[in-house]
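Structural overview for review
If you want the building blocks of each chain, they are given just below.
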Amino acid sequence: MVTVAESEYPLASRRRRRFSRQRIGRGLAPYALLAPAAAVIGVILAYPLYLLVSLSFQKYGLFELIRHKGRGIGVDNYTRILHDSQFWQVLGRTVLFTVVAVSLTMVLGTAIALLLVQVSRFMRLALTTGLVLVWATPVVVAVNIWHWMVDFEFGVANYALTKLHLGDFIRHDWFESPWSGFGVITALVVWGAIPFVTITVYAGLAQVPQELLEAAAIDGARPWSAFREVTLPLLKPIFVILISLSIIWDFQVFQQIWIMLDQRPASDYYTMAIYAFSQSFRLSEYGLGSAIAVVMVLFMFLATIVYLRQMLKAGEVH
Amino acid sequence: MSAVTPIAPTPVAPVATRAPRRRRVRKLGWNLVGLVVLIVMVFPVYWMVATAFKPGQQVLSYTPQWVPLNPTLDNFTEAINRPHFWDSVKNSLIITTVVVALSLVLAFLAALALAKFRFYGRKAFIVLILGVQMVPLTALIIPLYILMSRVDQVNKLSGVIAMYLTFVLPFTVWTLRGFLLGVPKELEEAAMVDGTTRFGAFVRILLPLVGPGLVATSIFAFIQAWNEFIIAYVFLQSPEKQTLMVWLASFTSLRGTEWGPLMAGATLTSIPVVIFFLLVQRRIAFGLTAGAVRG
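Residues numbered from 1 in each chain as written. Chains lettered and ligands numbered in written order. Predicted model: local features only at pLDDT ≥ 70, side-chain atom pairs only at ≥ 80, totals over all residues.

A few words on the overall build of chain A. Looking only at helices and strands, chain A features 14 helices and two strands. In chain A, buried positions account for 38% of the 318 residues. When contacts within chain A are restricted to residue pairs at least 6 apart in sequence, long-range pairs at least 24 apart make up 65% of them. (Helix = DSSP H or I, 4+ residues; strand = E, 2+ residues; numbered from the N terminus. Buried ≥ 20, exposed ≤ 12 C-beta atoms within 10 Å, placed from the backbone. Contact = placed C-beta atoms within 7 Å.)

Set out below in structure tokens:
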């Protein structure tokens, strides 16, 4: 009997030890699983973000690029851009472009989503397929298409507008004036952004309880006020995220302008991203370019603060 | 509460016949509006394909031909024979393949940790991956250039791969986490009770169930890496290193753009994306807004 008890005791303790080692292993497992992704994000996203801020306080030109070492100059870069009238022009232009493009995208995208509810099933399928086709078009390709359509000599836009008697557009150069040039760029950006907005809003509309709309109709609400009083509040989270994403995408507009203007846009076409890019990669003023980029990030942060709060809440829930 | 809306339990006969007809007319009207919207939206894409198949003198004509009546493949052969087309195809394929493979592995591991474990710092990581998606790429390009030039990764495919990987990871982790959360715990436990190890349960139960998620996220990573322009443009400076998007953008910088071959090249580079996009479009819309819908 004694031997059995003796032999049982070490077995139990061994089992307990194995159990605890397993527990430690399980405790470390999530960190081991997370480590590679966290390392990549840390090195290539988080560190550059820090580097961006630190560069904005340095003189960093070609010489410093070769030496791999900048020279701290305090807030000089910031005072320089704040006293530069071009900076304020560029900022104003970018804000104006963002407001116009985001408003048009949201209004047209939502209107098409509401239209999708009304049309027949076949038309809905055709429209959705068309929208996905537009959505799938790579941005570089889209820019080239629009560039071709508004070509001053053989572009289909000038021909059609002239035929429709909307004016004499023969050999009209859309990029001669930055206003009409930005008109084309806005049209291109909005055209490319509509599908995502429409499809997301349409998916949201499908989740609005039909009883609520019927109740509103029984109460005598007209379609427009039913939309405003019932649908809009329910879709608010979706609208917040769509508006925020659109602001982020449009405020940093770069490729559309850069490629449309043959990779050398005149300063009339500078937006924040292009201004920061040219200061850095054309004039080799990486510190100054970083300061401009920091201001750009701060603006986007302020514009999307509602969205950020919503995301933080989402992170807390799960 | 207007008195105009009667709650009539039994519809009167004339109303019953008139209402559907009016509704039908209205439906027809909406369908017409839908048709106009469809034409306006799709026309640019149509115009690209139509131009690509037109012979040269029809492309450069003052009265545009709405339909390519004598379709030809000349523009396509000319686009393919331009310098560095095949180099660009090769580079784009290498970059996208490696990015897709690496992002799948890394994202799956991270998503597993987020979905199946509770641990200290979990919330912080979720907030981090949601937050970094907000950082504008155009702002990061300057420090990234400094960083990459310090470690000698400028003008190398490996540097671009590392950057693309980072930019697709937040989205892929988040989406895969959603898929993994959808797998009922009972299924895994049942498999383990049946005597399989945790790894066995993973291979037999988890993997087949998240298969669609893996397909969706890998296609997302593919599209991102295939379409990206700015990083490739800044970091891959020599023509034999460039990707298809940079190759395509270089058409316009020449004096007097050759629109026919350009549209043919644009069509060729779009085809893989369009195919994949049609396959996973619903997933992507869902994933991008997941934060809002669930919160």
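Anyway, onward from the coordinates.
Let's shift gears to the overall build of chain B. What chain B contains, in helices and strands, is 12 helices and zero strands. Across the 295 residues that make up chain B, the buried fraction comes to 39%.

Residues and elements named next belong to chain B. The geometry of helix 4 (residues 85–116) relative to helix 7 (residues 157–181) is characterised by a closest axis approach of 6 Å and an angle of 40° between their N-to-C directions. Comparing their axes, helix 7 and helix 4 come out oblique. Considering how the two elements wind past one another, helix 4 and helix 7 form a crossing that is right-handed. Here the residues of the contact of helix 4 with helix 7 sort into 24 nonpolar, three polar and two charged. (Axes fitted to C-alpha atoms, helices over the stretch in contact; angles between N-to-C directions. Parallel < 35°, antiparallel > 145°, perpendicular 65-115°, else oblique. Left-handed = near helix turned anticlockwise from the far one by under 90°. Nonpolar A, V, L, I, M, F, W, Y, C, P; charged D, E, K, R; others polar.)

A word on the packing of helix 10 (residues 223–251) of chain A against helix 13 (residues 286–303) of chain A. Residue and element names in this part refer to chain A. Two numbers describe how helix 10 lies on helix 13: the axes approach to 10 Å, and their chain directions differ by 160°. Classified by the angle between their axes, helix 10 and helix 13 sit roughly antiparallel to one another. Crossing of helix 10 over helix 13 shows right-handed handedness. Residues Ile-247, Ile-248 and Phe-251 of helix 10 form the contact with helix 13, whose participating residues are Phe-299, Met-300 and Ala-303.

This next bit is on the interface of chain B and chain A. Across the boundary between the two partners, chain B contributes 82 residues, which contact 88 residues of chain A. Broken down by element, the residue count for the side of chain B that touches chain A peaks at 16 residues, all from helix 12 (residues 259–294) of chain B. For the side of chain B that touches chain A, the class distribution of residues is 59 nonpolar, 19 polar and four charged.

Take unusual backbone geometry next. Look at Asp262(A): it is not a glycine, yet its phi comes out positive at around 55°. As for its placement among the helices and strands, Asp262(A) is situated in the loop between helix 11 (255–260) and helix 12 (272–282). The backbone of Asp152(B) shows a phi angle near 60°, a positive value even though the residue is not glycine.

This part covers the environment of Ser54(A). Residue position: Ser54(A) is located in helix 1 (residues 2–55). For the pair Ser54(A) and Gly287(A), spaced 233 residues apart in sequence, the C-alpha separation works out to 8.7 Å.

Right, let's talk about the domain arrangement of chain B for a bit. Along its sequence, chain B is organised into domain 1 (13–75) and domain 2 (83–250). Look at where the C-alpha atoms of domain 1 of chain B and domain 2 of chain B centre, and you get two points 38 Å apart. (Domains from an automatic or database assignment.)

Take helix 13 of chain A next. Taking 1.5 Å per residue as the helical rise, helix 13 of chain A with its 18 residues ought to reach 26 Å, and the 26 Å between its terminal C-alpha atoms agrees with that figure. The set of residues buried in helix 13 of chain A consists of Tyr286(A), Gly287(A), Leu288(A), Gly289(A), Ser290(A), Ala291(A), Ile292(A), Ala293(A), Val294(A), Met296(A), Val297(A) and Met300(A). (Expected span 1.5 Å × (residues − 1).)

Next up on the list: the environment of Asp151(A). Looking at the secondary structure, you find Asp151(A) in the loop between helix 6 (139–149) and helix 7 (156–163). When the C-alpha positions of Asp151(A) and Asn77(A) are compared, they lie 40 Å apart, and in sequence the two are 74 residues distant.

We now examine the environment of Phe299(A). Mapping Phe299(A) onto the fold places it in helix 13. C-alpha of Phe299(A) to C-alpha of Ile44(A): the two residues are 255 residues apart in sequence and 22 Å apart in space.

With that settled, the discussion passes to the confidence of the model for chain A. Looking at chain A, the pLDDT average stands at 86 and 90% of residues meet or exceed 70. Low pLDDT, under 50, characterises residues 1–13 of chain A; the predicted model gives this stretch zero contacts beyond four residues in sequence or across chains. (pLDDT = per-residue confidence, 0-100.)

Turning our eyes to something else, we now look at the confidence of the model for chain B. Residues and elements named next belong to chain B. Counting all residues, the mean pLDDT for chain B is 82, and 85% of those residues have values of 70 or more. Taking the mean pLDDT of every element in chain B, the minimum, 71, falls on helix 8 (residues 185–193) and the maximum, 94, on helix 10 (residues 230–235). Every residue in residues 1–16 is under pLDDT 50, and counting partners more than four places away or in other chains gives seven contacts. Counting interchain partners and residues more than four positions distant, the pLDDT-below-50 stretch residues 287–295 has 23 contacts.

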